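Take a look at the letters that make up each chain.
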Amino acid sequence: MPDYIYCPNCPKGKAHPFRRVNKTEQAYISSKRGKKDAPGYFRCEGKTSKGQCLWVQPRWNQGKGFSLPEDFS
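The structure reproduced in this document is the subject of the present report. (Residues numbered from 1 in each chain as written. Predicted model: local features only at pLDDT ≥ 70, side-chain atom pairs only at ≥ 80, totals over all residues. Heavy atoms only, no water.)

### Focus on the environment of P39
- Locating P39 in the fold gives a position in the loop between α1 (23–33) and β3 (41–44).
- On the basis of relative accessible area, P39 is assigned to the partly exposed category, the value being 38%.
- In the structure, P39 is positioned 14 residues away from C53 in sequence and 19 Å away in space, judged by C-alpha atoms.
- Setting aside residues no more than four positions away along its own chain, P39 makes contact with R20 and Q26. (Helix = DSSP H or I, 4+ residues; strand = E, 2+ residues; numbered from the N terminus. Buried < 20%, exposed > 50% of the residue type's maximum accessible area, 1.4 Å probe, protein only. Contact = heavy atoms within 4.5 Å.)

### Comments concerning the packing of aromatic side chains
- Per the counting criterion, the structure on display carries 2 aromatic pairs.
- Seen in terms of ring centroids, Y41 and F66 are 6.0 Å apart; in terms of plane orientation they differ by 65 degrees. Their pairing is edge-to-face. Here F66 lies in strand β7 (residues 66–67) and Y41 lies in strand β3, a separation of 25 residues in the sequence.
- In this structure F66 comes out as buried when scored by relative accessible area, which is 12%. (Phe/Tyr/Trp six-rings, centres within 6.5 Å; stacked < 30°, edge-to-face > 60°.)

### Some points on the sheet that holds β7
- Sheet architecture is open: 5 strands sit in the order β1-β2-β3-β6-β7, paired in antiparallel fashion. The sheet is open, and its two borders are formed by β1 (3–5) and β7, each paired with just one other strand.
- In the sheet, strand β6 (residues 55–58) pairs with β7 via 2 bridges, with the strands oriented antiparallel. From the neighbouring strand, V56 faces β7, where its bridge partner is F66. (Pairing = 2+ DSSP bridges.)

### What about the pairing of β6?
- Burial of β6 is two-sided: the residues W55 and Q57 facing one way and the residues V56 and P58 facing the other way are all buried.
- Across 3 bridges, the pairing between β3 and β6 is antiparallel. By the bridge assignment for β6, Y41 is matched with P58.

### Here's the deal with the pairing of strand β2 (residues 16–20)
- Two strands pair when backbone bridges link them, and β1 and β2 are joined in this way by 3 bridges, in the antiparallel orientation. When the bridges of β2 are listed, Y4 appears paired with P17.
- Where β2 and β3 come together, 3 bridges link them in antiparallel fashion. The residue bridging R20 from the neighbouring strand is F42, located in β3.

### Brief notes about α1
- Those residues of α1 that fall on the buried side of the exposure criterion are E25, I29 and S30. Along α1, the residues classed as buried sweep out an arc of 140 degrees about the axis, all on the same side. Counted as exposed and oriented over 90 degrees from the buried face of α1: K23, T24 and S31.
- You can read the cap of α1 off the contacts: a side-chain oxygen lies 3.1 Å from the backbone nitrogen of T24, and it is on N22.
- Looking one or two residues beyond α1, the residue adopting positive phi is G34, at roughly 105 degrees. (Arc of directions from axis to C-beta. Polar contact = N/O pair within 3.5 Å; in protein donor to acceptor, adjacent residues only side chain to side chain.)

Spelled out as structure tokens, the structure:
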């Protein structure tokens, strides 16, 4: 069951489902943030005007979140 969290990239006013990052996303995060932290990241499953949301963050820590590159959409 996904966690519902407010996402800075998605339409405001409601929480969006987040899931654990997959292996490909985890590998990218490892290269940018370090291998130790990467497994703890979650990805927003919301939809934006451009398609799949690209926001990832550690569970309940939006301050350390960031957007994945467009090729992850």
